[in-house]
Amino acid sequence: MAKLKFTDQHEWLSIEGNTARVGITNYAQGQLGDVVFVELPNLESEFKQGDEVAVVESVKAAAEVYAPATGDIVETNPDLEGSPELVNSDPLGAGWFFEMKLSDLSETESMMDEQGYKDFLATLE
């Protein structure tokens, strides 16, 4: 079963083995407003934790999506090209951005679980 983790940059990771599917949280998509374009990374690109990986543009602003951990991009979401609004309608499901093969799983240990992320959000209000 996949393990769900969250970053303080409002990204989520669904981790199975050493592969993580990554997207932005419901909070992040709500802050952005209606998403109109998503720029995804190239396959097989390697990123270090904290690197800018993707860009999401909305009617309000453009925002970066950062690598939550170090690894290689193994898949991107082909549905976002024609339907970027999936980020708004299903941010933790069909609106995922990319999958990466993680180089070091220990980088995910300090990330928040779902309750930890909810507690973090409460500090922002």
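Residue numbering note: each chain is counted from 1, following its sequence as written. Per-residue local features of the predicted model are confined to residues with pLDDT of at least 70, and side-chain atom pairs are confined, for both listing and counting, to 80 or more; whole-chain, interface and lining totals are unaffected and use all residues. Working from all heavy atoms in the structure, the side-chain values ignore hydrogens and water.

**Quick notes on the nonpolar core**
Test applied: Joining through side-chain atoms within 4.5 Å is the link that ties buried Ala, Val, Leu, Ile, Met, Phe, Trp, Tyr and Cys residues into a set, and such a set is a nonpolar core. For each residue, the accessible area found with a 1.4 Å probe, counting protein chains only, is set against the maximum for its type, and the residue is called buried under 20%, exposed over 50%, and partly exposed in between. Contacts: residue pairs with any heavy atoms within 4.5 Å of one another.
In terms of nonpolar packing, the biggest core is built from 25 residues, with Phe97 and Phe98 touching the most fellow members. With near-sequence residues (within four places) excluded, Phe98 lies in contact with Ala20, Arg21, Val22, Pro41, Val53, Val65, Ile73, Glu75 and Thr76. Counting residues in each nonpolar core, the second largest holds six residues, with Phe6, Trp96, Met112 and Tyr117 among its members.

**Focus: the sheet that holds strand E6 (residues 52-58)**
Pairing between the strands of a sheet is mediated by backbone hydrogen bonds and can be parallel or antiparallel. Let me state the cut-off plainly: At least two bridges found by DSSP between two strands are what make those strands a pair. The secondary structure listing takes helices from DSSP runs of H or I that are at least 4 residues long and strands from runs of E that are at least 2 residues long, numbered from the N terminus. Geometry is summarised by axes, namely lines fitted to C-alpha atoms with helices restricted to the contacting stretch, and by angles between N-to-C directions that run from 0 to 180 degrees.
Strand order in this open sheet of three strands is E4-E6-E7, and the pairing throughout is antiparallel. Looking along the sheet, the strands with just one partner apiece sit at the ends: strand E4 (35-39) and strand E7 (62-66). For this sheet the average axis-to-axis angle between neighbouring strands, irrespective of direction, equals 25 degrees. Where E4 meets E6, four bridges bridge the pair, whose relative direction is antiparallel.

**Digging into unusual backbone geometry**
A positive phi is found at His10, a non-glycine position, where the angle reads about 70 degrees. Here His10 shows up in the loop between strand E1 (3-6) and strand E2 (11-16). Residue class for His10 comes out buried when judged on its relative accessible area of 14%.

**Considerations on the layout of surface pockets**
In plain terms, the rule: A cavity here means a set of 1 Å grid points, computed over protein atoms only, where a 1.4 Å probe fits but cannot escape. A pocket is an open set with protein on both sides within 12 Å along at least 5 of 7 lines, and lining residues have an atom within 4 Å of a point. Grid points are joined across faces, edges and corners, and a volume is the space filled by probe spheres set on the points. Residue polarity follows a fixed list, in which Ala, Val, Leu, Ile, Met, Phe, Trp, Tyr, Cys and Pro are nonpolar, Asp, Glu, Lys and Arg are charged, and the others, Gly among them, are polar.
Empty space within the largest pocket amounts to approximately 200 Å³. Together, Gln9, His10, Glu11, Ile24, Ala28, Gln31, Leu32, Val56, Ala63, Glu64, Val65 and Tyr66 line the largest pocket. Residue composition of the lining of the largest pocket, by class: seven nonpolar, three polar and two charged.

**Remarks on the pairing of E1**
When E1 meets E2, the two strands line up antiparallel, connected through four bridges. Within E2, the residue paired with Phe6 across the bridge is Trp12. Two successive antiparallel strands, E1 and E2, enclose a turn made up of four residues, where His10 displays a positive phi of approximately 70 degrees.

**Some thoughts on the pattern of salt bridges**
To keep things clear, this is the line we draw: What makes a salt bridge here is a side-chain nitrogen of Lys or Arg within 4 Å of a carboxyl oxygen of Asp or Glu, nothing more.
Inspection of the entire model under this criterion finds one salt bridge. Between Arg21 and Glu99 there is a salt bridge; the shortest N-O distance is 2.7 Å. In this pair, Arg21 is assigned in strand E3 (residues 19-24) and Glu99 in strand E9 (residues 98-102), connecting sequence segments 78 residues apart. Exposure remark for Glu99: the relative accessible area of 13% places this residue in the buried category.

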